[in-house]
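What the coordinates show
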Amino acid sequence: MNIGQKVLKELEKEISVNEYRRYIQRLEYDTELSRSDIAIFRAPNIFTAKWVETKYSKSIAHLFELENGIKPKVEITASKRKEGSLLSHKNMQKESKSGKSTHLNPSFTFDSFVVGSSNQFAYTTARSVAEKPGIQYNPLFIYGGVGLGKTHLLQAIGNYRTQFGDTVIYTTLEQFMNKFISSLQSRTMDRFRDTFRHCDLLLIDDIQFLSRKEQTQEELFHTFNELHSLNRQIVLTSDRAPKKIAGLVDRLRSRFEMGLTADIQPPELETKIAIIQKKCELDGIRLDRDIINFIATHMGDNIREIEGTIIKLNAMSTMLNQEITPEFAKNAVRDQLKEKQENITIDDIVGIVARELNVKPSDIKSKKRNKNVVNARRIVIYLARNLTPNSMPQIALYFGMKDHTAVSKNMKKINEIVENDENFKVLLEELSNKVGSSHRKSDI
Ligand code: ADP
Ligand code: MG
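Residues numbered from 1 in each chain as written. Chains lettered and ligands numbered in written order. Predicted model: local features only at pLDDT ≥ 70, side-chain atom pairs only at ≥ 80, totals over all residues. Heavy atoms only, no water.

**Section: the nonpolar core**
Ile349, Val353, Ile364, Ile379, Val380 and Leu383 are the most contacted members of the largest nonpolar core, which has 28 residues in total. Taken together, the elements giving at least two residues each to this core come down to α15 (346–357), α17 (371–387), α18 (392–398), α19 (404–420) and α20 (422–443). Top contributing element to this core by residue count: α17, with eight residues. If sequence neighbours within four positions are ignored, Ile364 has contacts with Val350, Val353, Ala354, Val359, Val373, Ala376, Arg377, Val380 and Phe399. Ranked by size, the runner-up nonpolar core spans 26 residues in total, among them Tyr29, Ala61, Ile76 and Ala78. (Core = buried A, V, L, I, M, F, W, Y, C linked by side-chain atoms within 4.5 Å. Buried < 20%, exposed > 50% of the residue type's maximum accessible area, 1.4 Å probe, protein only. Helix = DSSP H or I, 4+ residues; strand = E, 2+ residues; numbered from the N terminus. Contact = heavy atoms within 4.5 Å.)

Written out as structure tokens, the structure reads:
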């Protein structure tokens, strides 16, 4: 029995039989990737992984400490090991014996990344940096909003390079800064510099936190120069472009801009759907096309949030032992949606629909009956009903209609069209997506 199995046996004594059977029993300890300071377990799906991680990782770490005196960081990952990939995984491990890497999430790979026009450029450059590090674009600077895949791409480069035995350092800027400060305090700067200046690949995540940290900027500047002069690849991510990072010294900013800067845009609907499909496939979750569309159109652009929703759905369906029907899905995500919807107004929707369909906002609000306007008004009513908390009487009032029956007639009509006209359905989904994302942008 390996130490991981031993620890899980110990855990069994502390928890209910059901919990153990449902979540713990199916974990597999990764003897190859685990080290004394990192214990990695594989779970059959992402839900189990997240569940165990939030609920039990502390106890598990503690049990390891009881076993061998070292308290590791506990990671539960949902990445599958298929027969084929097991083999390549093994080879990869063998080859990377000489290579070290600070901890990378093994599921963040190029293969598991869905490419669409919103992230195509960042993906392509990341890939080419991974294939030819230190040659073409140095540094590569990837920026974009929250949950759009920056960390995923950054770590994919790292995972790719460890196959070749490279020494890869992945760190967030905050970790870099904390280590720097504690090395200063403990007078171990030599060791700190030795680590960061002698790697093949330096990956720094969320560099925007450099803002106004003068000392850390100074240290990073020298680290950067040293690595760059040795043609070692540097990749940075940030939530904004270098010139938008306030309080960044010019010499560092110009270094960040001297390689290639690639942004990631919010995903288009199609890409979002593809990402959800991929996540479901990787995690063994079955969702109908309709439900996937529903999530994609209503949940916004943050893929991390979308993943959360899928996990929640799957969790609820497991716990309630119910199939995931569209109704079930809608109920399950209702709370999340409500939160998002509270700030969307009918005016917002009118503005967007008017722009997209090329009609005047004032026409939509008028009583005009020409075809384009009627169509646009109908869509606005439908979206207002679905995306805002307004009741039918409130919507009727907004349009100066006699009473809410006009609104319900409208809803009926549009539902009929949707059933018979696939293009119209797509149009609605796209508009709904646009309303959601415009609203989120105005949040920031
Ligand atoms: P960021 O660092 O930009 O905030 P992450 O890289 O942490 O975002 O991504 C959030 C989650 O969304 C991760 O689980 C990641 O795997 C997933 N994700 C984001 N973009 C994609 C994509 N294009 N394909 C597959 N998964 C993605
Ligand atoms: Mg990130």
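Structure shown, so let's carry the discussion forward.
**Focus on the site of ligand 1**
Close contacts around ligand 1 come from 18 residues, with Val114, Gly147, Lys150, Thr151 and His152 the closest. Arg304 has a polar side-chain atom sitting 2.8 Å from an oxygen atom of ligand 1. Taken by itself ligand 1 offers 560 Å² of open surface, and the protein chains cover 94% of this. If you list the elements that add at least two residues to the shell around ligand 1, you get α6 (150–162), α11 (269–283) and α13 (303–320). Looking at the shell around ligand 1 residue by residue, the classes come out as seven nonpolar, seven polar and four charged. (Near = heavy atom within 4 Å. Polar contact = N/O pair within 3.5 Å; in protein donor to acceptor, adjacent residues only side chain to side chain. Areas by Shrake-Rupley, 256 points an atom, 1.4 Å probe, with all protein chains shown as cover. Nonpolar A, V, L, I, M, F, W, Y, C, P; charged D, E, K, R; others polar.)

**Quick look at the sheet that holds strand β2 (residues 38–42)**
With mixed pairing, three strands are arranged side by side in an open sheet as β1-β2-β3. Lying at the two open borders of the sheet, with one neighbouring strand each, are β1 (28–29) and β3 (73–77). The pairing of β2 with β3 spans five bridges and is parallel. Along β3, the bridge assignment pairs Ile40 with Glu75. Sheet strands touched by helix α3 (residues 46–68): β1, β2 and β3. Its angle to β3, the strand with the most contacts, is close to 150 degrees. (Pairing = 2+ DSSP bridges. Axes fitted to C-alpha atoms, helices over the stretch in contact; angles between N-to-C directions.)

**Details of helix α5 (residues 120–131)**
Because an α-helix packs 3.6 residues into every turn, residues spaced three or four apart end up facing the same way. A rise of 1.5 Å per residue sets the reference length of α5, with its 12 residues, at 16 Å; its end C-alpha atoms lie 16 Å apart and thus fit the reference within 8%. Within the span of α5, buried status applies to Ala122, Tyr123, Thr125, Ala126, Ser128, Val129 and Ala130. (Expected span 1.5 Å × (residues − 1).)

**Notes on the packing of aromatic side chains**
Using the criterion set out here, one finds 16 aromatic pairs in the structure. Consider the rings of Tyr160 and Phe164, whose centres lie 5.6 Å apart with planes at 45 degrees: the pair is tilted. On the accessibility criterion, Tyr160 (19% relative accessible area) is buried. Ring geometry for Phe176 and Phe196: centres 4.9 Å apart, planes at 75 degrees, overall edge-to-face. In this pair, Phe176 is assigned in helix α7 (residues 173–185) and Phe196 in helix α8 (residues 189–197), connecting sequence segments 20 residues apart. Accessibility classification places Phe176 together with Phe196 in one group, the buried group. Members of the aromatic cluster, each reached through a chain of ring pairs, are Phe110, Phe113, Tyr123, Tyr160 and Phe164. It is Arg251 that lies over the ring of Phe221; its NZ or CZ is 4.1 Å from the centre. (Phe/Tyr/Trp six-rings, centres within 6.5 Å; stacked < 30°, edge-to-face > 60°. Lys NZ or Arg CZ within 6 Å of the ring centre and 35° of its normal.)

**Some remarks on the pattern of salt bridges**
For the structure on display, the rule yields 21 salt bridges. Its salt-bridge partner being Asp250, residue Arg253 comes within 3.8 Å of it at the nearest N-O pair. Residue Arg253 and its partner Asp250 are both found in helix α10 (residues 250–257); the two are separated by three residues, about one turn of the helix. We classify Arg253 as buried; its relative accessible area is 15%. By relative accessible area, Asp250 is classed as exposed at 58%. Close ionic contact of Asp347 with Lys365 constitutes a salt bridge, the shortest N to O distance being 3.4 Å. With Asp347 in helix α15 and Lys365 in helix α16 (residues 361–365), this residue pair connects regions lying 18 residues apart in the sequence. Through salt bridges with shared partners, one network takes in Arg193, Arg197 and Glu219. (Salt bridge = Lys/Arg side-chain N within 4 Å of Asp/Glu carboxyl O.)

**Focus on the domain arrangement of the chain**
Taken domain by domain, the chain holds domain 1 (3–95), domain 2 (120–264), domain 3 (269–341) and domain 4 (346–443). Taking the mean C-alpha position of each, domain 1 and domain 2 sit 30 Å from one another. (Domains from an automatic or database assignment.)

**Overview of the environment of Ala262**
Here Ala262 is to be found in strand β8 (residues 260–264). Residues Ala262 and Asn119, spaced 143 residues apart in sequence, show a C-alpha to C-alpha distance of 8.9 Å. If near-sequence neighbours (up to four positions away) are discounted, Ala262 is found in contact with Phe121, Ala122, Thr125, Leu140, Phe141, Ile142 and Tyr143.

**Points about the sheet that holds strand β6 (residues 201–205)**
The parallel open sheet is built from five strands, whose spatial order is β5-β6-β7-β4-β8. Each edge of the open sheet carries a strand with a single partner, namely β5 (168–172) and β8. Recorded for the sheet is a direction-independent mean angle of 15 degrees between the axes of neighbouring strands. Bridge count between strand β4 (residues 140–144) and strand β7 (residues 233–238): four bridges; the pairing is parallel. In the sheet register, Phe141 faces β7, and the bridge partner there is Leu236. Against the sheet, α7 engages β5 and β6, with an angle of about 95 degrees to β5.

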